[in-house]
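# Coordinates in review
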Amino acid sequence: MGFPAWGPSAGSLRGIPLSTPPMIPTFRSGRPARALVALLPLLVAACATTGGAGARATSNDPRFQMGDAAAVARARADSLRYPYTKADIDFMTGMIHHHAQAIYISRWAESHGASAEVQRLTARIINAQADEITLMQTWLKDRLQPVPIVDSTGQVTMPGGGGHDAHAHAGHDMSAMGGAMMPGMLTDVQLKQLDAARGEEYDRLFLTFMILHHRGAVTMVKQLFTSDGAGQDETVFKFANDVEVDQSTEIKRMFTMMLARGWVPPQ
């Protein structure tokens, strides 16, 4: 066995290589080193063993699975890192009811003669809060919690409740937020007052009540973050912060709309 020989680059000019070929040693006979050939079966077997183990690990990892069972598995895995509390469950459940009422009264805008600007506002509220309701329902479902069901009109049904929960609209749902009326929810009297209004009066009352409604949602976020251990779950933390930022921004927008019309915003 002799020493490896390295051939000159085929693309050299006056001894200066134009490109560097792969540094593969060969014997003068041109055959690969016998030692490397002998190792090839061992290398192939090692790769096959590692690949099989990696495939099995991936197939058992809930991050790479599909379906409801996988979603529950992912939620449980997340909960080991970021445990959720009863306050988190109450917040997500209560905010579904809160959002449902906002959608419910926003759907009145067209039939009650609201201005084009207010109708644009109500359309944004409906679209954004409907998506957020889906997020909250998924979070509860993945953690095997009761999931409030919201229909296309914004009415809420609790599992096993036997029909629409009228209290969800009036603001008297006592189960979600520690037994008290949720902040900012319209009362029966306010709902009837808004439903009876038309045109400019609907605009004025809607903006007034929705400012108070949004403030209530921001209060619910603050209550969440002052609860022991709450708000650590990644989804709850991000969602709650989004609610505070988005609804605070809309409060400012509605204030501006009222002032532009010469109306006094609620204090």
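Notes on the structure in this doc start here. These figures come from a predicted structure and were not determined experimentally.

Another aspect to go through is the overall build of the protein. For the protein, the helix and strand inventory stands at eight helices and four strands. Listing the helices and strands of the protein from first to last along the sequence gives β-β-α-α-α-α-β-β-α-α-α-α. The burial tally for the protein puts 36% of its 267 residues in the buried class. Pairs at least 24 residues apart make up 66% of the contacts formed inside the protein by residues separated by at least 6 positions. Surface exposure of the protein reaches about 15400 Å², of which carbon and sulfur atoms provide 61%.

Turning next to the packing of helix α4 (residues 116-142) against helix α8 (residues 234-260). Contact pair α4 / α8: the axes reach a minimum separation of 12 Å and the direction vectors enclose 170 degrees. By the angle between their directions, the pair α4 and α8 is classed as roughly antiparallel. Contact with α4, carried on its side by E117, V118, L121, R124, I125, Q129, E132, L135, M136 and W139, involves T235, V236, F239, D246, Q247, E250, R253, M254 and M257 of α8 and no other residues of that element.

Peptide bonds are, in most cases, trans, and in most cases residues other than glycine have a negative phi. Of note, L144 is a non-glycine position whose phi angle comes to about 60 degrees, a positive value. Checked against the element boundaries, L144 lands in the loop between α4 and β3 (149-150).

Under the criterion given, the structure shown has five salt bridges. For R261, the salt bridge identified is with E117, shortest N-O distance 2.8 Å. Of this pair, R261 sits in the segment after α8 while E117 is found in helix α4, placing the two residues 144 residues apart along the sequence. For K238, the salt bridge identified is with D242, shortest N-O distance 3.1 Å. Of this pair, K238 and D242 both sit in helix α8, four residues apart, roughly one helical turn. A relative accessible area of 29% means that D242 is categorised as partly exposed.

For helix α3 (residues 86-106), spanning 21 residues, the distance from its first C-alpha to its last is 30 Å, which sits close to the expected 30 Å at 1.5 Å a residue. Along α3, 18 of the 21 residues are buried, which leaves the element largely enclosed by surrounding structure. Sitting at the head of α3, T85 places a side-chain oxygen 3.3 Å from the backbone nitrogen of A87.

This paragraph deals with the nonpolar core. Membership of the largest hydrophobic core comes to 26 residues, with the highest contact counts inside it found for F91, M92, M95, M136, L140 and F239. Listed by contribution, the elements that provide at least two residues to this core are α3, α4, α7 (200-225) and α8. Here this core gets seven residues from one element, more than from any other, and that element is α3. The contacts of M95, once residues within four sequence positions are left out, are M136, A217, M220, F239 and V243. By size, the runner-up hydrophobic cluster in this structure holds 24 residues, among which are I125, A197, L207 and I211.

We now examine α4. For α4, built from 27 residues, the straight-helix expectation of 39 Å at 1.5 Å per residue is met to within 8% by its first-to-last C-alpha distance of 39 Å. L144 sits one or two residues past α4 and shows a positive phi near 60 degrees.

Attention now goes to the environment of H112. Mapping H112 onto the fold places it in the loop between α3 and α4. When the C-alpha atoms of H112 and A197 are compared, they prove to be 7.0 Å apart, with 85 residues separating the residues in sequence. Sequence-distant contacts of H112, that is, excluding residues within four places in its chain, are made with L194, D195, A197, R198, G199 and Y202.

Within the secondary structure layout, D90 lies in helix α3. For the pair D90 and L224, spaced 134 residues apart in sequence, the C-alpha to C-alpha distance is 9.0 Å.

Topologically, H214 is positioned in helix α7. Relative accessible area serves as the criterion here: at 0%, H214 is assigned to the buried category. Once residues lying within four places of it in the same chain are set aside, the contact partners of H214 are I125, Q129, Q247, E250, I251 and M254.

Procedures and definitions
Residues numbered from 1 in each chain as written. Predicted model: local features only at pLDDT ≥ 70, side-chain atom pairs only at ≥ 80, totals over all residues. Heavy atoms only, no water. Helix = DSSP H or I, 4+ residues; strand = E, 2+ residues; numbered from the N terminus. Buried < 20%, exposed > 50% of the residue type's maximum accessible area, 1.4 Å probe, protein only. Contact = heavy atoms within 4.5 Å. Areas by Shrake-Rupley, 256 points an atom, 1.4 Å probe, with all protein chains shown as cover. Axes fitted to C-alpha atoms, helices over the stretch in contact; angles between N-to-C directions. Parallel < 35°, antiparallel > 145°, perpendicular 65-115°, else oblique. Salt bridge = Lys/Arg side-chain N within 4 Å of Asp/Glu carboxyl O. Expected span 1.5 Å × (residues − 1). Polar contact = N/O pair within 3.5 Å; in protein donor to acceptor, adjacent residues only side chain to side chain. Core = buried A, V, L, I, M, F, W, Y, C linked by side-chain atoms within 4.5 Å.

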